[in-house]
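Remarks on the overall topology
Spelled out, the chains give:
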Amino acid sequence: MEWKIILLNILIGIIGGLLTALIIWLVKKWINLHFKKWDILVSLIIGLIIGIVFQKAYSNLSDVNIMFSYPINNGKIECKKGSDSTYKVLIKGTSSGIVNSNYSLLLWLYPVSPRSEISGWYLQKNINGIKINNDGSWEGIAQIGNIQYPPQQGDIIDISVSVIEENIAAEMLYEKNVTIRSKPIGKKYIMIKNIEVSLD
């Protein structure tokens, strides 16, 4: 663990302990009881628990890393027409700390040029989305446009992958309607921009 995280942990524990001591003092004053020495010990223990809980949540997320291997910023991506007459792109990357954790990956696509009717990040789900392999590598399939408005050569898109808790990911992926957000949803996310669509 990095020393900055340790110091932050200690600071949160101290602040938590002081706040707990203040609350105990106020409550006892309100009900006319004296603040005793053991109350300080209880406050410090509660503060320590707060610090441990924070450290566990923070350190779990700090161990999580995601990267794109294809495409790259300002690069091109091959787009193919599928059996359902919609156009798909294949996205690849690597990750660490995701396999055997409580986190999942979500794949998002943002139409830059031309813009979509509703501007925002489109969550890729159903037959689209991300599959993570045991070694942490992942592949994602994203749909560009639709049957009525298929993509054109040279269209520009942005792509993002976000890290999110498994239960929240499951809820979002099972939403019936198209999921659009002003930014990718998750604890952290990575993004590549200015990707030019190349029709197969």
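Details of the structure are given in the entry above.
These figures come from a predicted structure and were not determined experimentally.

Attention shifts here to unusual backbone geometry. Glycine aside, a negative phi is what most residues show, and trans is what most peptide bonds show. For the peptide bond that leads from tyrosine 70 to proline 71, omega is -5 degrees, which places it in the cis range. Within the secondary structure, proline 71 is located in the loop between β1 (65-70) and β2 (76-81). Cis peptide bonds are those with omega within 30 degrees of zero, and the linkage from serine 113 to proline 114 qualifies with -5 degrees. The residue proline 114 is located in the loop between β4 (103-113) and β5 (121-123) in this model.

With that settled, consider the side chain of threonine 86. For threonine 86, the position within the fold is in the loop between β2 and β3 (87-96). Polar side-chain contacts of threonine 86 include one of 3.5 Å to the side chain of lysine 88. Leave out the neighbours within four places in its chain, and threonine 86 touches Lys80, Lys81, Gln143 and Ile147.

This part is about the side chain of serine 95. The residue serine 95 is located in strand β3 in this model. Within the local environment of serine 95, its side chain forms a polar contact with the backbone oxygen of glycine 136, the two atoms lying 2.6 Å apart. Not counting the four nearest positions on each side in its chain, serine 95 is found in contact with Asn65, Ile66, Ile132, Asp135, Gly136 and Trp138.

Our focus in this paragraph is the pairing of β2. Bridge count between β2 and strand β10 (residues 188-199): four bridges; the pairing is parallel. Looking across to β10, one finds that cysteine 79 is bridged to leucine 199. Sheet topology note: the β2/β3 ladder contains three bridges and is antiparallel. In the sheet register, cysteine 79 faces β3, and the bridge partner there is valine 89. Remark: five residues form the turn of the hairpin made by β2 and β3, two consecutive strands paired antiparallel; serine 85 in that turn has positive phi of roughly 70 degrees.

This next bit is on the environment of asparagine 102. Relative to the helices and strands, asparagine 102 resides in the loop between β3 and β4. The class for asparagine 102 is exposed, based on a relative accessible area of 59%. Distance in space between the C-alpha atoms of asparagine 102 and glutamate 165 is 5.9 Å, their sequence separation being 63 residues. Residues within four places of asparagine 102 in sequence aside, it is in contact with Ile164, Glu165 and Glu166.

Turning our attention to the nonpolar core. Core analysis: the largest hydrophobic core is formed by 23 residues, its most contacted members being Ile77, Ile91, Ile157 and Ile159. Among the elements of the structure, β1, β2, β3, β4, β7 (138-144), β8 (156-165) and β10 are those that each provide at least two residues to this core. When residues no more than four places from it in sequence are discounted, the contact partners of isoleucine 157 are Ile77, Leu109, Tyr110, Pro111, Val112, Ile144, Lys193, Asn194, Ile195 and Val197. Counting residues in each nonpolar core, the second largest holds eight residues, with Tyr110, Trp121, Leu123 and Ala169 among its members.

Criteria and thresholds
- Residues numbered from 1 in each chain as written.
- Predicted model: local features only at pLDDT ≥ 70, side-chain atom pairs only at ≥ 80, totals over all residues.
- Heavy atoms only, no water.
- Helix = DSSP H or I, 4+ residues; strand = E, 2+ residues; numbered from the N terminus.
- Polar contact = N/O pair within 3.5 Å; in protein donor to acceptor, adjacent residues only side chain to side chain.
- Contact = heavy atoms within 4.5 Å.
- Pairing = 2+ DSSP bridges.
- Buried < 20%, exposed > 50% of the residue type's maximum accessible area, 1.4 Å probe, protein only.
- Core = buried A, V, L, I, M, F, W, Y, C linked by side-chain atoms within 4.5 Å.

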